[in-house]
Amino acid sequence: MLQPTTTGFFGEFGGRFVPPVLEEALAELERAFNYWQADPSFQAELRSMLRDYVGRPTPLYFAHRLTAALGGARIYLKREDLNHTGAHKINNSLGQALLAQRMGKRRVIAETGAGQHGVATATACALLGLEAVVYMGEVDMQRQAPNVARMQLLGAQVSPVTKGAGTLKDAVDAALVDYANNADSTFYLLGSAVGPHPYPLMVREFQSVIGQEVRQQIMESAGRLPDYLVACVGGGSNAIGLFAPFYADTGVRMVGVEAGGKGLASGKHAAALTGGTVGVIHGFCAYAKRDANGEIAPTYSIAAGLDYPGVGPEHCFYKDTGRASYTTVTDTEALQALQLLARLEGIIPALESSHALAYACKLAPTLSPEQIIVVNLSGRGDKDLESLQQFL
Ligand SMILES: *Cc1c(COP(=O)(O)O)cnc(C)c1O
């Protein structure tokens, strides 16, 4: 896998653009991560939790009916939807919660928009006996009431954020203030491959179990590496977890799929790489959706998990160097792909994952039946039933 510089840069992207009080806390986190990452007992404990609690390895499933219907490349689905709590986020939350425990931090804070990362964090903290405080915008709390109830049931304190628009960006700001004030006792558990160094690297390491399993599984079932890896990109954690272990395999092409919303031209989207510009956001340098004045612009997607204006620095580097390509899929295309998979394979994917699937459905017919596409099915769609009823 590609290593960032010691200061956390992938090319010009990444780094740590934070005030001194956070700089100190993040330097401590970086040292602890490097130490425990190299510790065999830490790795053994994480592996055993991933196996016995999360249910890993997740299957790599050959979608034969979907493949036959599209008439082209063979499509394999990496079934992250079968993880405990229904998505890939638990891989990262467990890794970071275990790190918090090893660092002696009994209090874990997180921010959440749609509530998925909050639920994964509350779950990991319940398992490890840690206190969990989850910041969530007031508006989001109303929109995502079932996830608020889940977090509370799991023993987490959900802390409403009334400032600003009462959504994810305001929750991030509130969590950062808490972290700056309480860094001695508190671990900030970040949910995607974004933020200041070492978060993008750390989240990638905890999510790269996805790509490592795919490599082994596709060698067993097909005897060779895939031609394409396809994953949706919000902050970029499920995609980098799939892509990074194949970085050196230049014959394996990678495509990240961003939320095209109502179409790039409409401005209603969340496409940081495809429709954004470079600058600092939330303590790191990356592409982000910005307005004409360079201010962070509001984002939109039918998939709440893709609704973030920035994107992880490693993806920015992959884009500029051409190692991966990035594209968008609209709400409508994602919905169609979701229905197709449900009817042909009996799997209801998350709206986020349906973006990756929709692109694979366009790509497959242009390829030959000997070729292989692996799609990361990052989560299950049960959480989306209510929004589905609105849109269908
Ligand atoms: C949160 C989420 C995403 C987007 O986050 P990444 O960090 O880009 O992976 C994608 N799929 C599902 C199911 C999610 O819950």
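Residues numbered from 1 in each chain as written. Predicted model: local features only at pLDDT ≥ 70, side-chain atom pairs only at ≥ 80, totals over all residues. Heavy atoms only, no water.

## Side note on the site of the ligand
Phase 1 of the analysis: Residues in close proximity to the ligand total 15 residues, the closest being K89, S192, G234, S237 and S378.
Phase 2 of the analysis: Between H88 and the ligand, the recorded distance is 2.9 Å, taken from a side-chain N or O atom to an oxygen atom.
Phase 3 of the analysis: A distance of 2.8 Å separates an oxygen atom of the ligand from a polar atom in the backbone of G234.
Phase 4 of the analysis: Burial of the ligand by the protein amounts to 98% of the accessible area it has alone, namely 380 Å². (Near = heavy atom within 4 Å. Polar contact = N/O pair within 3.5 Å; in protein donor to acceptor, adjacent residues only side chain to side chain. Areas by Shrake-Rupley, 256 points an atom, 1.4 Å probe, with all protein chains shown as cover.)

## Digging into the environment of L367
Phase 1 of the analysis: With respect to the helices, strands and loops of the structure, L367 is situated in the loop between helix 15 (351–363) and strand 14 (372–377).
Phase 2 of the analysis: A relative accessible area of 15% places L367 in the buried class.
Phase 3 of the analysis: The spatial distance from the C-alpha of L367 to the C-alpha of G72 is 5.4 Å, given a sequence separation of 295 residues.
Phase 4 of the analysis: Those residues in contact with L367 that lie beyond four places of it in its chain are G72, A73, Y228 and I373. (Helix = DSSP H or I, 4+ residues; strand = E, 2+ residues; numbered from the N terminus. Buried < 20%, exposed > 50% of the residue type's maximum accessible area, 1.4 Å probe, protein only. Contact = heavy atoms within 4.5 Å.)

## Describing helix 13 (residues 313–321)
Phase 1 of the analysis: What helix 13 keeps buried is the set P313, E314, H315, C316, F317 and Y318.
Phase 2 of the analysis: At the exit of helix 13 stands G322, carrying a positive phi of roughly 80 degrees.

## Some details on the packing of helix 14 (residues 331–345) against helix 15
Phase 1 of the analysis: Two numbers describe how helix 14 lies on helix 15: the axes approach to 7 Å, and their chain directions differ by 85 degrees. Taken as axis vectors, helix 14 and helix 15 run roughly perpendicular relative to one another. Between helix 14, through E333, A334, L335, A337, L338, L340 and L341, and helix 15, the contact on the second element is made entirely by L351, S354, H355, L357, A358, C361 and K362.
Phase 2 of the analysis: Taken together, the residues of the contact of helix 14 with helix 15 break down into 10 nonpolar, 2 polar and 2 charged. (Axes fitted to C-alpha atoms, helices over the stretch in contact; angles between N-to-C directions. Parallel < 35°, antiparallel > 145°, perpendicular 65-115°, else oblique. Nonpolar A, V, L, I, M, F, W, Y, C, P; charged D, E, K, R; others polar.)

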